[in-house]
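Understanding the architecture of this molecule
Each chain, written out:
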Amino acid sequence: MTLPAAILSRSIACISLLAAVALGCDRPGRAAGTAPAPAGAAPAPAGATPAPAASGAEPAGDGGATPAAAREAAAPAADGAALAARAAPLRAEAPLVELAVEGFPSAVVSVPIGATARRPVLIASHGNYDRPEWQCEVWRGIAGGDAFILCPRGVARSDSPSARDVRFTYESNARLEQEIDAGLAALRARFPEHVDPGPALYTGFSLGAIMGSAIAARRASLFPRLVLVEGGHDRWTPAAAKAFADGGGQRVLFVCAQAGCGAAAAAAAARLEKAGVLTRVVRGKEAGHRYDGPVAEETRRALGWAIEGDARW
């Protein structure tokens, strides 16, 4: 017997609906009949609310065009897991902390309080008859509080002003190199989730600059970028410049506050440039042999050039 056309039409519609339900095509959280956008699809028109991705599906790329609220609403579960995996905010009793270093006197470290991701390391080596605390204080003012600043102590001078005012020096560049390596190991052990394992930015004043030039010439992969304040120029022989370039050296910033320093830095920069290393010489107002005050301000203005292209900063 032939069914009436109206009854047959209703039967087919019901069968189709039951099949759709059985296949799960109308899951909670997505409008019926709306398919998820394929990965890499163009963003929804402005003002449109993107449909949440089905569980396990790749989210549609928004190209940065959707509002922040919409992006958060559309964020896949993987993003939530990534956020949960971020390190807890770094906590410290003060911006400058003392760091025990195996085999050496304690170092001073400026820490990026509140950081929840890995942050780069800046080495700040002091001059002769100087203190690591002073270097860390000045460099925190120059570089800010978003990076680790490791200030190696060196050895105490016997002619320090008093027992309460002990001054320090470095025995040799080889010994300073060992102290920096030990300091980096101690820093990573103390802040394992926050210290970036990549190359460090080496900065040095006077004796620290002299020592750093020799260290970087043989350890360019660890210190590919340098900031040398009032020192370190004469160490850049053609052979040292070539070794630095061949080892991966990238940039050297010279900062001077005296005329003699400026002339020596220009000569060193020429040798480094010939070897293929980018250089810049910053000559501030005549301020004497120092790294604070107006010299620190000149360094702060030029620091962007030294770290340019390094996304970690």
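All of the points below concern the structure found in this document. Treat the numbers as computed from the prediction; the structure is a model and nothing was measured.

**Brief notes about unusual backbone geometry**
- One non-glycine residue, Y129, lies in positive phi territory at about 65 degrees.
- Given a relative accessible area of 30%, Y129 falls into the partly exposed group.
- Positive phi values are uncommon outside glycine, yet E230 reaches one of about 55 degrees.
- Within the secondary structure, E230 sits in the loop between β8 (225-229) and α7 (238-246).

**Regarding the environment of L90**
- Within the secondary structure, L90 is located in the loop between α3 (77-85) and β1 (96-101).
- Along the sequence, L90 and P112 sit 22 residues apart, while their C-alpha atoms lie 7.1 Å from each other.
- Setting aside residues up to four positions removed in sequence, L90 forms contacts with V111, P112, I113, G114, A115, F148, F191 and H194.

**Structural notes on the pattern of salt bridges**
- This structure, assessed with the given rule, holds 17 salt bridges.
- Between K242 and D246 there is a salt bridge, with its nearest N and O atoms 2.6 Å apart. Taken together, the residues K242 and D246, both in helix α7 and 4 residues apart, mark about one turn of the helix. For the pair K242 and D246, a shared accessibility class is recorded, and that class is exposed.
- Among the charged side chains, a salt-bridge network with shared partners connects E177, D181, R218 and R219.

**Looking at the state of the cysteines**
- What the rule picks out here adds up to 2 disulfides.
- Through a disulfide, C136 is tied to C151; the S-S separation comes to 2.1 Å. Taking the sign of the S-S torsion, 115 degrees for the link of C136 and C151, the bridge is right-handed. A residue pair is termed long-range when its members are at least 10 positions apart, and C136 in helix α4 (residues 132-143) and C151 in strand β4 (residues 148-151) qualify at 15 residues. Like C136, the residue C151 is buried in the burial classification.
- A disulfide bridge connects C256 with C261, and the sulfur atoms are separated by 2.0 Å. Around the S-S axis, the bridge from C256 to C261 shows a dihedral of about -65 degrees and counts as left-handed.
- Overall, C256 belongs to the buried group, its relative accessible area being 2%.
- Cysteine pairing for the protein chain, with bonded cysteines counted in sequence order: 1-2, 3-4.

Conventions and cut-offs
Residues numbered from 1 in each chain as written. Predicted model: local features only at pLDDT ≥ 70, side-chain atom pairs only at ≥ 80, totals over all residues. Heavy atoms only, no water. Buried < 20%, exposed > 50% of the residue type's maximum accessible area, 1.4 Å probe, protein only. Helix = DSSP H or I, 4+ residues; strand = E, 2+ residues; numbered from the N terminus. Contact = heavy atoms within 4.5 Å. Salt bridge = Lys/Arg side-chain N within 4 Å of Asp/Glu carboxyl O. Disulfide = S-S within 2.5 Å.

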